[in-house]
Amino acid sequence: MKHGIPLTGDFANGGVSFWYRQIGLPGRRAALPGPREYDVAIVGGGYTGLWTAYYLKKADPGLRVAILEKEFAGFGASGRNGGWLSAEFAGSRERHAKARGRQAMIDLQRAMFGAVDEVIDVTREEGIDADIHKSGMINVATNPAQRRRLREEVAHLRGWGYEEDDYRLLDRDEQDERLRVAGALEAAYSPHCARIQPAKLAVGLARVVAGLGVDIFEDTTVTEIRPRQGGKASAVTTRGVVSADYVIRATEGFTAGLAGQHRQWLPMNSSMIVTEPLPAELWKHIGWAGGELLGDHAHAYIYAQRTADDRIAIGGRGVPYRYGSRTDDRGATQAQTVALLWRMLVRLFPASADVRVQHAWCGVLGVPRDWCSTVHLDHATGLGWAGGYVGSGVTTTNLAGRTLRDLVLRRDTELTALPWVGRQVRQWEPEPLRWAGVQLIYTLFRAADRHENERGTTTSVYARLANLISGR
């Protein structure tokens, strides 16, 4: 017992995610041996980079493709996330619709629905065992303000391509049958979501990509990406310069570490804890037999899954942002964040109060100034990128990889016509405004949740002010 939290004796506060602790860290691949030339060089060995390489090589096996990764493939958010293979897409639908019209945004949402199944199909075809279980997701509301927002969301999405079967409110009987959350006043269900074991997907996809002939160079730090200047684009590394017809930036929350990209995407931190396996008797009280993914409608929201080996993994914001766009200390998690997540777990499932926490970790994700994901390729400069997923990247990375394939190969397709393609976003403010703004936003969100839990029947003015400041 520490800080009032039941912990296991082998509890590890920091380092790699539980997902890697479960399967073991992959062996390191060789670093870049020196200057090289390729058709496509991808900076970043997470899901975005791996999917892009996969689809490029499948479309044109003769392409020379390389991935340059500072740590190992899947080190970042791809191996640390909550395991939501979800059709949720970051950003305002109205903002995306301004680019190419309302129908284009509806097409984008339908493409996300399809991307969930695309990932499942590829893993099956390629023999990647990632504990995938498609059972949908449940969003719960635990106070009147959250319930109003949940109902408004379901109604709002009807106008954005969601049919009744895509997202619907549950009646009380079905809600209790699926999952019994303490104090849940309302719940909504979508079938477009699957549980995954994130590290298994990353490791398996890297294996498949390497087998297709992609060169994956690990322990290779890229310091700068340069556009074409009468020749090829290039990625400058500590081990030599890689020249290519196209250089794709797939660095997500680590983008600020590249020269000239310090204010491009804000690195937001998210933290998780995982329990020991729960006994069958306890699951009888909780339900969750279907293994749906679980979220809530708080402003400082949580996300959770029942793992394949009957644990509960739950995540949320801890220390959301570090001054100067610094990233987390290789996954170390503050004790107060572990305590916060444990309190959230027990609030949702009081029967779990004596269940021990076995592991905690954190990761970093990328947030654009308008909170909208984007994918882009400039044929003139030879530079492209995808990201800004704001925590909804597991599925979106697959759509990004297929879209970048089409853009690189100069294909005019339904994917390249989607409204997130080519989106330009202004940079974040310089410090100390950036740090002060994020701290204020999350202080307001936490105050809004407290207010709504105590007496709020409508969305708190604190949350409205936070959304205005954040630009969401």
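Taking an unreviewed UniProt entry as the reference, the chain is identified by name as FAD-dependent oxidoreductase belonging to Nonomuraea cavernae.

Draft legend 1. The arrangement of unusual backbone geometry in detail. E431 connects to P432 through a cis peptide bond whose omega is 5°. With respect to the helices and strands, P432 occurs in the loop between α10 (393-408) and α11 (433-454). For D131, which is not glycine, the phi torsion reads 55° and is therefore positive. With respect to the secondary-structure elements, D131 resides in the loop between α4 (102-126) and β5 (133-134). Classification of D131 by relative accessible area gives buried; the value is 18%. The backbone of W288 shows a phi angle near 70°, a positive value even though the residue is not glycine. With respect to the helices and strands, W288 occurs in the loop between α8 (280-286) and β15 (293-296). Look at W288 and you get buried, because its relative accessible area is 0%.

Draft legend 2. Quick look at the packing of aromatic side chains. Evaluated as defined, the whole model comprises 13 aromatic pairs. By the ring-pair criterion, three or more aromatic residues cluster together here, those being F18, W19 and W361. Above the ring of W283, the side-chain terminus of R306 is found at 3.7 Å from the ring centroid. Between the NZ or CZ atom of R472 and the centre of the ring of W371, over which it lies, the distance is 4.8 Å.

Draft legend 3. Fine view of the pairing of strand β16 (residues 303-306). Alternating positions in β16 separate into two faces, Y303 and Q305 on one and A304 and R306 on the other, with burial throughout. Where β15 lies against β16, 2 bridges are found, and the strand directions are antiparallel. Note that in β16 the partner of G295 across the bridge is Y303. Connecting β15 to the antiparallel partner β16 that follows it, the hairpin turn spans 6 residues. Bridge count for β16 against strand β17 (residues 312-316) is 4 bridges, and the pairing is antiparallel.

Draft legend 4. Inspection of the nonpolar core at higher detail. Ranked by internal contacts, the top residues of the largest apolar core, which has 79 residues, are V209 and W420. Per-element tally for this core: the top contributor is α4, with 10 residues. Setting aside residues no more than four positions away along its own chain, W420 makes contact with F89, H96, L108, S373, T374, V375, Y389, T396, L399, A400 and T403. By size, the runner-up hydrophobic cluster in this structure holds 32 residues, among which are A187, W288, L348 and V357.

Draft legend 5. Molecular detail of the environment of G231. Within the element layout of this structure, G231 appears in the loop between β11 (222-226) and β12 (233-237). You can call G231 partly exposed: its relative accessible area is 43%. Separated by 13 residues in sequence, G231 and A244 have C-alpha atoms that sit 9.1 Å apart.

Draft legend 6. The arrangement of the pattern of salt bridges in detail. Under the definition given, this model contains 30 salt bridges. The residue K284 makes a salt bridge to E281 at a minimum N-O spacing of 3.6 Å. Of the two residues, K284 and E281 are both situated in helix α8; the distance of 3 residues between them amounts to about one turn of the helix. K284 sits in the exposed class, given a relative accessible area of 57%. One salt bridge in this structure joins R455 and E454, with 2.9 Å as the shortest N-O distance. The class of E454 is exposed, set by a relative accessible area of 59%. Salt bridges sharing partners connect three or more residues here, namely R168, E174, R178 and E292.

Rules used throughout
- Residues numbered from 1 in each chain as written.
- Predicted model: local features only at pLDDT ≥ 70, side-chain atom pairs only at ≥ 80, totals over all residues.
- Heavy atoms only, no water.
- Helix = DSSP H or I, 4+ residues; strand = E, 2+ residues; numbered from the N terminus.
- Buried < 20%, exposed > 50% of the residue type's maximum accessible area, 1.4 Å probe, protein only.
- Phe/Tyr/Trp six-rings, centres within 6.5 Å; stacked < 30°, edge-to-face > 60°.
- Lys NZ or Arg CZ within 6 Å of the ring centre and 35° of its normal.
- Pairing = 2+ DSSP bridges.
- Core = buried A, V, L, I, M, F, W, Y, C linked by side-chain atoms within 4.5 Å.
- Contact = heavy atoms within 4.5 Å.
- Salt bridge = Lys/Arg side-chain N within 4 Å of Asp/Glu carboxyl O.

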